[in-house]
Every structure is written in structure tokens, then in C-alpha cells.
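Each chain, letter by letter, is given below.
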Amino acid sequence: LWWRSVGSTHTAHSTEHMLDIVARETGRDPLEMRLAMLGKYPRHAAALKLAAEAAGWGKPLPAGRFMGLAVHESFKSFVAQVAEIETKPDGGFKVVRVVCAVDCGLAVNPDVVKAQIEGGIGFGLGAALKSAITLKKGAVEQANFDTYDVLRMSEMPRVEVLIVPSDQPPTGVGEPGVPPITPAVANALLAASGVRTVALPMTRQTYRKA
């Protein structure tokens with residue numbers, strides 16, 4: 001719930017992952033389906049198109065590689081992300097690349113925009129893939145970083161941040177990088193295995209193909 005980006009964390013995941021589930025069930029391309037729904041939302045669509053094009057959406061991928069995408073508006077900024085994963089024979093996977101397009105109005109300091117978005121992606125990936133707080137007999141089991149696992153630098157994917165040119169007033173970048181990353185990864189896993197992600201963190205037990 002109350003992570004960096006507050007309510008947008010779980011709302012983005014539930015909405016964007018559900019859209020991919022619908023696309024899969026109806027035999028539609030997730031990008032094309034979203035763009036068909038975004039006719040009245042040009043800033044969402046522009047960010048999504050930019051991220052997808054830069055990521056090479058729709059082009060053949062190496063064996064074991066899969067992509068998922070998501071787009072979300074928070075703090076008056078529009079962020080689209082494409083996550084590329086590499087699956088492993090043991091049922092594990094690694095997020096190897098994230099391409100992100102952000103429309104935050106006029107980018108006063110592009111380097112800060114990119115840094116904040118990169119940090120948001122890292123934060124979101126940590127929660128999506130590693131970190132968990134569990135309860136036993138009403139008490140939290142994790143006490144420190146020996147039991148509360150976090151994303152390691154070696155697990156951070158290559159991140160590309162593209163800024164959508166805009167003359168609109170500047171908007172937020174400190175938190176909007178977080179919401180799209182968990183559904184983007186979940187959607188890549190859906191493409192890889194057909195399994196829906198309904199719980200975090202995303203371990204091999206939660207997505208392993210039946």
C-alpha cells in the first residue's frame with residue numbers, strides 16, 4: 001500500500017495487469033489494445049508509443065526473453081514502461097532491461113528527471129521481486145536486512161529513460177517511476193508463462209508455468 005507513490009502502486013498493478021489478462025484472453029496485442037482505449041488520453045498514448053518503439057515492441061526476441069508493458073498517470077505525470085525479462089531453466093527469471101518514457105511537462109532538469117525515474121524503478125523492482133513483510137502469530141517476522149531482502153545492484157536491469165518533449169507546466173517525478181514497473185514485469189511473466197501475478201514479491205512459486 002503506502003510505498004513511494006502511495007495509492008498508485010496497487011491501482012496501477014491491478015489495472016495494468018488486468019488489461020494484459022484481457023488482451024491475452026481476447027487474442028489482442030497489449031499495446032494495440034491500450035492505444036485503442038486511449039483516444040481521449042493523448043499524453044498516455046504518446047508516452048506508451050515512445051517507450052514501446054524504443055524497446056522494440058513487436059520485434060522478435062531471443063529465446064527465453066519476454067516483454068511486458070504498462071502506463072500510468074500519477075502526480076500529473078504520465079509514465080510508460082516496457083520490462084524485458086529473461087527466463088531460466090530452473091523457473092527463475094531476471095529483469096534485464098526497462099525502457100521508460102515520462103511526460104512530466106517541461107523538464108527543467110532532465111538529469112534529475114532521469115535519476116528520479118531510475119530510482120523509482122529500482123524501488124519498485126525491489127518490492128516486486130525481493131522484499132516482503134510477513135506476520136507470524138500477529139508479529140512481524142522481519143527485523144533487519146538479514147531477513148528483509150532488498151534488490152542488489154547486480155539485480156538492477158539496464159534502464160533507459162526517455163523524456164517526452166513538452167511545453168506543459170512541470171509536474172512530479174519523485175514518485176511516478178514506481179507504479180508501472182510491477183505490472184510491466186507481471187505482464188512479461190504473463191507472456192512467458194500464462195500465469196497471473198496476484199501477489200508480491202514475484203517468486204518462481206507465484207508464476208511458474210503449470
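Scroll up to find the structure.
This section reports on the structure supplied with the text. Every chain is numbered independently, its residues counted from 1 as its sequence is written. In keeping with the predicted nature of the model, local features appear solely for residues at pLDDT of at least 70, side-chain atom pairs appear and are counted solely at 80 or more, and the whole-chain, interface and lining totals rest on all residues. To obtain the side-chain values, all non-hydrogen atoms of the structure were included, while hydrogens and water were left out.

Considering the nonpolar core
Okay, so step 1: Of all hydrophobic cores here, the largest spans 29 residues; its most connected members are Phe93, Val95, Ile121, Leu125, Leu129, Val185 and Met202.
Okay, so step 2: Strands here are runs of E lasting at least two residues and helices are runs of H or I lasting at least four, both read from the DSSP assignment and numbered beginning at the N terminus. Counting residues per element, the ones that place at least two in this core are β2 (77–87), β3 (93–103), α4 (110–129), β6 (158–163) and α5 (181–193).
Okay, so step 3: The element contributing the most residues to this core is α5, with seven residues.
Okay, so step 4: Here a residue-residue contact requires only that any non-hydrogen atoms of the pair lie within 4.5 Å. Discounting chain neighbours no more than four positions away, the residues touching Leu125 are Val95, Lys130, Leu151, Pro157, Ile181 and Val185.
Okay, so step 5: Of all hydrophobic cores here, the second largest spans 17 residues; its members include Leu38, Ala47, Ala51 and Val99. Among buried residues, the Ala, Val, Leu, Ile, Met, Phe, Trp, Tyr and Cys ones that are joined through side-chain atoms within 4.5 Å form a nonpolar core. Under the scheme applied here, a residue whose accessible area is under 20% of the maximum for its type counts as buried, over 50% as exposed, and between as partly exposed, the area being computed with a 1.4 Å probe on protein chains only.

Quick word on the packing of aromatic side chains
Okay, so step 1: Centres within 6.5 Å are what make two rings of Phe, Tyr or Trp a pair, Trp counting through its six-membered ring; a difference in plane orientation under 30 degrees is then read as stacked, over 60 as edge-to-face, and the rest as tilted. The final tally for this structure, using the stated rule, is one aromatic pair.
Okay, so step 2: A ring pair is formed by Phe145 and Tyr148, whose centres lie 6.3 Å apart and whose planes are at 55 degrees; its orientation type is tilted.
Okay, so step 3: Given the relative accessible area of 27%, Tyr148 is considered partly exposed.

Regarding the pairing of β3
Okay, so step 1: Across the eleven residues that make up β3, a large majority, ten, are buried.
Okay, so step 2: Pairing geometry for β2 and β3, over ten bridges, is antiparallel. For Val82, the partnering residue across the bridge sits in β3 and is Val99.
Okay, so step 3: Hairpin connection between β2 and β3: a loop of five residues separates the two successive antiparallel strands, and Gly91 in this loop has a positive phi of roughly 95 degrees. At least two bridges found by DSSP between two strands is the condition for calling them paired.

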